[in-house]
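Here is how the chains run, residue by residue.
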Amino acid sequence: MTVDFAFIDSGTGGIPYMNYLRSQCPHAACLYLADTAHFPYGTKTAAQIIECAQQTAEMLISVYSPRAVVIACNTMSVTALSALRERFAGTPFIGTVPAIKQAAAVTHNRVIGLLATERTIADPYTDTLIKQFAGGCTVLKRADAALIDFIEHRYFYAGRQERMEAVQPAVRFFAEGCADTIILGCTHFIHAAHEIQEAAGSAVQVIDSRAGVVRQALKISGGIPQPAQTAAHAAPPVFCISSHADAQTERYYRRLCTLFGLTWGGSIQRHAVQIR
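Along every chain, residues carry numbers that run from 1 in the direction the sequence is written. At least 70 in pLDDT is required for a residue's local features to be given in this predicted model, at least 80 for side-chain atom pairs to be given and counted, and no such filter applies to totals for whole chains, interfaces and linings, which use all residues. Neither water nor hydrogens contribute to the side-chain values; these are computed over all heavy atoms in the structure.

1. Concerning the side chain of serine 243
By definition, any uninterrupted DSSP run of H or I lasting at least four residues is a helix, any uninterrupted run of E lasting at least two residues is a strand, and each is numbered from the N terminus. When you line up the elements, serine 243 lands in the loop between β9 (238-241) and α11 (247-260). Think of it in three bands: residues with accessible area under 20% of the maximum for their type are buried, residues over 50% are exposed, and the middle band is partly exposed, with areas taken using a 1.4 Å probe on protein chains only. We classify serine 243 as buried; its relative accessible area is 15%. In this structure serine 243 touches Ala37, Ser267 and Gln269, once residues within four positions along its chain are discounted. Pairs of residues are marked as contacts when any of their non-hydrogen atoms sit within 4.5 Å.

Quick look at the structure:
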């Protein structure tokens, strides 16, 4: 099976990016790969992230031969994107990085909040983005592994009160620093964007990089040829996990497939072994 676009994240964080691309290009054939075997990426060393990303990308490319791969994970992008492009030179890779340039353009008081993983916060690439695009701004950084874990494992079936309580520590942190713009610098946070915006209030702008990433993906891939009938849609995206899962984990991800209208594809590791 060959797909137009493949999306990789450590878990479910990149699904909003895939959904946004499909809203712009509904006939594109898409695959989503959750690297659940290595979740979370944000607490790993740079060397570990590069190794995990390369292993996962190798399986993905060997099984699905995507026309382009979107690394729908800020941590993986700032740490491993160059290594992936070098090792898999025949496949275009599109990275996802914190929307610092966008935030600098829209902030009014020049105080920006960056909500991300530990690795994205600490990576020199993030500091380079800040110096390049937000040199005149104060950037408040917060790593929130607990919120990422909540979104990955509880958010989708949690009630409103539990969701609001989960985002409050991060929102409070940025409010105390007077940030008027919050960057969702981990793709997982986009699932909770509504709660973060509600908790922060209308005076705060909550932004992410979906539009820019998808625009770049369509540009690099050369676009997808229109089908004969322009109203035609591709089949629902396939959702795979990186390795074998226990029964409870598989049930959880199968439920998420139903929630998001995805086709369950099982373990990509198993598929990769089968074709070798």
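2. Looking at the environment of proline 92
Structurally, proline 92 can be placed in the loop between α3 (74-87) and β4 (93-94). Taking relative accessible area as the criterion, proline 92 reaches 26% and is therefore assigned partly exposed. The sequence separation of proline 92 and arginine 172 amounts to 80 residues, and the corresponding C-alpha distance is 39 Å. Excluding residues within four positions of it along the chain, proline 92 makes contact with Arg67, Ala68, Val69 and Ile220.

3. Focus: the packing of aromatic side chains
Any two of the Phe, Tyr and Trp rings considered here, Trp counted by its six-membered ring, make a pair once their centres fall within 6.5 Å; the pair's planes then place it as stacked at under 30 degrees, edge-to-face at over 60, or tilted in between. In total, this model carries ten aromatic pairs according to the counting rule given. Taking the centre distance of 6.4 Å and the plane angle of 70° together, the rings of tyrosine 157 and tyrosine 252 count as edge-to-face. One end of the pair, tyrosine 157, is in the loop between α7 (145-153) and α8 (160-176); the other, tyrosine 252, is in helix α11, and 95 residues separate them in sequence. You can call tyrosine 157 partly exposed: its relative accessible area is 38%. Tyrosine 252 sits in the buried class, given a relative accessible area of 14%. Seen from their ring centres, phenylalanine 239 and tryptophan 264 are 6.3 Å apart, and the 25° between their planes marks the pair as stacked.

4. Description of the layout of surface pockets
The computed volume of the largest pocket comes to approximately 630 Å³. Note on definitions: the grid is 1 Å and covers protein atoms alone; a cavity is a set of points where a 1.4 Å probe fits but cannot get out; a pocket is an open set with protein on both sides within 12 Å along at least five of seven lines; lining residues have an atom within 4 Å of a point. Around the largest pocket, the lining is made up of 24 residues, and of these Gly95, Thr96, Val97, Tyr125 and Val213 lie nearest the centre. The set of elements that each furnish at least two residues to the lining of the largest pocket consists of α3, α4 (100-106), α6 (124-133) and α10 (210-221). A total of seven residues in the lining of the largest pocket trace back to one element, the largest contributor, which is α3. Grid points are joined across faces, edges and corners, and a volume is the space filled by probe spheres set on the points.

5. Re the sheet that holds strand β7 (residues 181-184)
Note: two strands are recorded as paired if DSSP finds a minimum of 2 bridges between them. On the basis of which strands lie adjacent, the open sheet formed by four strands has the order β6-β5-β7-β8 and parallel pairing. Every interior strand has two partners, whereas the edge strands, β6 (138-143) and β8 (205-207), have only one. In this sheet, neighbouring strand axes are inclined to one another by 20° on average, regardless of whether the strands run parallel or antiparallel. In this fold α8 packs onto β5 (111-116), β6 and β7, with an angle of close to 160° to the strand it touches most, β6. Orientation is described by axes fitted as lines to C-alpha atoms, over the contacting stretch for helices, and by angles from 0 to 180 degrees between their N-to-C directions.

6. Topic: the pattern of salt bridges
Put simply, a salt bridge is a Lys or Arg side-chain nitrogen that is within 4 Å of an Asp or Glu carboxyl oxygen. A full pass over the atoms with the stated rule returns nine salt bridges. For lysine 141, the salt bridge goes to aspartate 127, with nearest N and O atoms at 2.6 Å. One end of the pair, lysine 141, is in strand β6; the other, aspartate 127, is in helix α6, and 14 residues separate them in sequence. In this structure lysine 141 comes out as partly exposed when scored by relative accessible area, which is 30%. A salt bridge links arginine 163 to glutamate 195; the shortest N-O distance between them is 3.4 Å. Here arginine 163, found in helix α8, pairs with glutamate 195, found in helix α9 (residues 193-200); they are 32 residues apart in sequence, far enough to count as distant. The class of glutamate 195 is buried, set by a relative accessible area of 6%.

Everything listed here is a matter of coordinates, which is why it stays silent on function.
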